[in-house]
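# Results of the structural survey
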Amino acid sequence: MTFPPSALRPSSGPARAPRRLDRAARPLALALALALFVSVLLPVLAPASARADGVAAPAAPAVPAAPAAQGPSEQPVELVLATAGLNWEDISEATPHLLCLAERSGTAAMSVGSMTPLTPTRRQGMETLTSGYLGLASQSHRTSRSPQPAEDLVSALPDAPEVVPLDSLPARGADEDPVAPGSERGRALAALDEEVGKQLDAVGGCDSASMGRVLLVSVAPYDPEDSEAVEEGRSPAPGPDRLQVVMDSGFASGSLTSGSTHQEGVVLLTDVVPTILASYGESTPEGLPGQIFEGTPTPADGSGADGSGADGSGADTTDSVVRDTAGIRLATDRSAANVLVDGATWWALGSWLVLPALGLLVLLVPRLAARRRLSAAARAAAVCLPLGPAAGLLAGAVPWWRAEHPALALTAVVWGFALVLSAIALLGPWRRLRYGPAGAAGALLALAVLTESATGSQLQLGSPLGAQAIRGGRFYGISNHLSGMVLAGTMIALLAVCARLTRPRTRVLAVIAIGIVVMGVSAAPTMGADFGGVLVLVPALGLLALMLSGIRVRWWHLLAVGGAAVVAVGGISVLDWLRPPAQRTHLGRFVDQVLSGELFDVIASKAQQNIDQVTTFWPLLGVLLLAAVLWVCSLVPTRTRMVRLAAFDARHPAARPVRIALGVGAWIGYATNDTGAMLLLAALVVSLPLIAAMLPDPVVGARGDTGESDGEAPPGTAAYHR
C-alpha cells in the first residue's frame, strides 16, 4: 500500500494558512471559552445537600444573618461509642436515640480504609480508632510509619475518654434497603439504638445542653467471624462496602469535613484520633496521617436548614440545644452516591461508548473508511467518544442517586451532557476543518476536568470516573486517570491550534500559553493538587515547545526539561508545606516524608504498586504492551505502513511532535505514579479516536485497492471531507 509523493509535500496555493492567527483558529478559542463557561456554571448548580431516599430535600428558609463558621466546643471528648456496619441509611425515626444525637452533632459519611488490600474489618477499625494508623500495625507497610506494635494514643491521655465498644450490625442483605424492622439487621439496629440511648443518658442525656461531648464512630463495614480470612480475601466480604457513620456532639450540628478530604460531609477514620487529641489540647504526633474534624458553615442564629425546630425556624431552642438535619441529609447523600455509582456507571458510560467505538473501528479499517458517508458518520462518532467521560464527571451536578431508578437517571444525565458537548464539538464553525471537531473535543474534555478541579472538586464524589470516597483514595483535585485525560485532551487541542499556525514562534507561544494555564490549575494545591501531573506536563509540554521551535533536541535539553519538572513540583510542594497542617494537601505531606528520610521508601512503594498491577492482572500488561507498540509505530508511519498517518504528518508538521510529547508524558506518568497504568490507558483511550478522526480518508482505486487522499483540497469543500 503506497501513497502519492505529493501527500508528503506541504500544500501551496489558496488553501495555505496566513501568517497571522486567521478566522479558522478563532472558533477553537471560542470552544475553549464556551467549555470554560459551562464547566464553571455546572458546579454552581450542584446541590449542597439532598436526601437519598428518593424525596427531594426541602428548600432552606431564608436566614437573615450571615453564615458563621462552625467550630468545635472547648469541651474534651468524654465518651467514644464504637460500632461497626452502621450506615447513614439506617438513621431514621425508627432509631430515635441515634437520630437525636445526629441532629445535635456535626455529622459526616466516613471512609474506612485498610492497609491490608481488600476488606476493612472491625478489628482493624478498632485499632485505628485508638492508634490513628490504618489497619493493623502488624500488617501495615513500612511507609505507613505505623509504630510496631500499635500505640493506644487515646488511653494515654490524662482523664482519657471512655471508649465503649457497642455491638456490630450484621451485613445488609441485597434486598434490605431499607432494612425491615423484623429482620436480623433490623432487630440488631433497634438494640444498638437502645444501647446508645443508655450511654447518652449516662453523660447527661441527648436532650440536655449540658451533655458531655460524645463521638459515635462506626469503624468498619463488617465484623465477620473470621476477620483474617475476609481481610486477606480467602473468604468473600459479606456485602458491598458503604461509607460509615460518624457523629461529634462537640459541633453544633451541620456537616463535618477535614484536611484529609477537603470535602464537605466526608471524613476519614484516621481523623478521629487527631480530633480527640485536639480536644484535650494535645498536638498531633508527627507522622499521624489524619487531620482534625472541622465544621462547615451554619447559620449564625443556629437555625437549621429544614425548619425542623420547635419554633418552626429549623432550630430546637429547648435547653439551647441546636438541632439540624441538613448534615444528616448530606451524609446520606454522599453514602448513597458512593454505593450506586459503580453499578450505574456501566450503563451510563457503556451505552454512550458503543457507537463511538464502532466509529473508531470503521476509521481503522481502510475499506470501510473509504466509504464517504460511512466515514463521515464514523468520524463524528469517534470525536464523541472522549466526551462521555467529560459528561460523566459533570453528572455529579445532578442528584441522580435520588431517583427511583438511579442507573437510568445517571444514564440520562450523562447522555444529556454528552450530547451538549458533542454538539459544541461537531457543529461549531471549526467543523469545516478536518481536525477542528477533534481539537474542540480534546479542549472540552481537558477544560471540564480542569475547571471542576479549580472550583473545588465538588462534583467528583457523585460522578462516574470521579474520586469515590468508599475506596479511600483521593477526594479532591486531579487523580491519575483524570490526569491522563487532561494530558491527551490538551495535546489534541494543541495539535488543532498548531495546525492553523504557520510560524514556529507562534506555535511555541501557543504551547507555552496554554501549557501555563493547564499546569497552573493541575499543580495548584487549592485546585488540581496533582503531584504526578506536574512531572508529566512539564516534560511533555517543554519537549513539544522545543520540537516546534525548530531546535534540534539534544540530551541536555531533555535533562533541562526533566530538571524543570522536578524543581516545579518541589517548589509547589514546599509552598503547600508552609501552610497550616490542616490545609495541606498530599503535596505538602510529601515534604514531611522527605524530611523524615522516607523518600526512597515512597519511591519504592509506588514502583512496587505499578509492578503489582501488571503481575496480578496479566491482561493489563498486554494492553500496556499494545499501547507501547502503537506509539512506537506511529512515530515512524512510513516504515510501519501507516500511510494515512504519514500523509497527515506531511500536511501538518506539528502532528508528529505532538504524538512524541504525548507518548513521553504518558510513559513518564506511568513510571512516576502508583496507579500510572490508569493514566497511560486514559491518555490512549482519549487520543486514539481523536487522532483517527483527523486522518485523511482512503481512496479506492479502479481495482478496489486503497490509496490515500492527501486532504489538500480547500477546507469546506466536499473533496476535503472525503
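See the structure shown above.
One structure accompanies this document, and this report is about it. (Residues numbered from 1 in each chain as written. Predicted model: local features only at pLDDT ≥ 70, side-chain atom pairs only at ≥ 80, totals over all residues. Heavy atoms only, no water.)

### Re the overall build of the protein
The condition is simple: Helix and strand assignments follow DSSP, with helices taken as H or I runs no shorter than four residues and strands as E runs no shorter than two, numbered in order from the N terminus. Buried means the residue's accessible area, taken with a 1.4 Å probe over protein chains only, is under 20% of the maximum for its type, while exposed means over 50%, and partly exposed covers the values in between. Any pair of residues with heavy atoms lying within 4.5 Å of one another is described as a contacting pair. Using the Shrake-Rupley algorithm and a 1.4 Å probe, accessible areas are obtained, with residue cover drawn only from the displayed protein chains.
Looking only at helices and strands, the protein features 22 helices and 12 strands. For the protein, the proportion of its 722 residues judged to be buried stands at 54%. Intrachain contacts of the protein at a sequence separation of at least 6 include 74% that bridge at least 24 residues. Total accessible area on the protein stands at roughly 30,300 Å², and carbon and sulfur atoms take up 63% of it.

### A look at helix α15 (residues 531-548)
Cut-off, in case you're wondering: Helices are assigned an expected span. That span is 1.5 Å times one less than the residue count.
Taking 1.5 Å per residue, 18 residues should reach 26 Å; α15 reaches 26 Å between its end C-alpha atoms and fits that length. Most of α15 sits out of view: 16 of its 18 residues are buried. Of the residues one or two after α15, Gly 550 is the one with positive phi, at around 90°.

### Here we look at the pairing of strand β5 (residues 213-218)
Put simply, the test is: Paired strands are those between which DSSP finds at least two bridges.
Counting buried positions along β5 gives six out of six residues, so the element sits mostly inside the fold. Across six bridges, the pairing between strand β2 (residues 77-83) and β5 is parallel. Looking across to β5, one finds that Ala 82 is bridged to Val 217. Note: β5 against strand β6 (residues 244-248), three bridges, orientation antiparallel. Within β6, the residue paired with Leu 215 across the bridge is Asp 248.

### Thoughts on the state of the cysteines
Condition: Count a disulfide wherever a pair of cysteine sulfur atoms falls within 2.5 Å.
Enumeration according to the criterion identifies one disulfide in this entry. Disulfide pairing places Cys 100 opposite Cys 206 at an S-S distance of 2.0 Å. Note on the Cys 100 and Cys 206 pair: the S-S dihedral is about -110°, so by sign convention the disulfide is left-handed. One end of the pair, Cys 100, is in helix α2 (residues 96-103); the other, Cys 206, is in the loop between α4 (184-202) and β5, and 106 residues separate them in sequence. Taking relative accessible area as the criterion, Cys 100 reaches 11% and is therefore assigned buried. The class for Cys 206 is buried, based on a relative accessible area of 9%.

### Some remarks on helix α6 (residues 272-279)
Among the eight residues in α6, seven count as buried, and that is most of the element. Listed as buried for α6 are Val 272, Val 273, Pro 274, Thr 275, Ile 276, Leu 277 and Ser 279. Of the residues trailing α6, Gly 281 is marked for its positive phi of about 75°.

### Some details on the packing of helix α7 (residues 326-364) against helix α11 (residues 406-427)
Basically, it comes down to this: Axis definition: a line fitted to C-alpha atoms, limited for helices to the stretch in contact. Angles are taken between N-to-C directions and run from 0 to 180 degrees. Our angle categories are set so that under 35 degrees counts as roughly parallel, over 145 as roughly antiparallel, 65 to 115 as roughly perpendicular, and the remainder as oblique. The handedness criterion is simple: a crossing whose near helix is rotated anticlockwise from the far helix by less than a right angle is left-handed, and one whose near helix is rotated clockwise is right-handed. Under the scheme applied here, ten amino acids are nonpolar (Ala, Val, Leu, Ile, Met, Phe, Trp, Tyr, Cys and Pro), four are charged (Asp, Glu, Lys and Arg), and all others, including Gly, are polar.
At their nearest, the axes of α7 and α11 sit 8 Å apart, and the two run at 40° to each other. As far as their axial angle goes, α11 and α7 are oblique. The two elements α7 and α11 meet at a crossing, and its hand is right-handed. Contacts between α7 and α11 involve Leu 340, Ala 344, Thr 345, Trp 347, Ala 348, Leu 349, Ser 351 and Trp 352 from the former and Pro 406, Ala 407, Leu 410, Thr 411, Val 414, Trp 415, Ala 418, Leu 419 and Ser 422 from the latter. Tallied by class, the residues present in the contact of α7 with α11 amount to 13 nonpolar, four polar and no charged.

As far as function goes, none of this settles anything; it's purely spatial.
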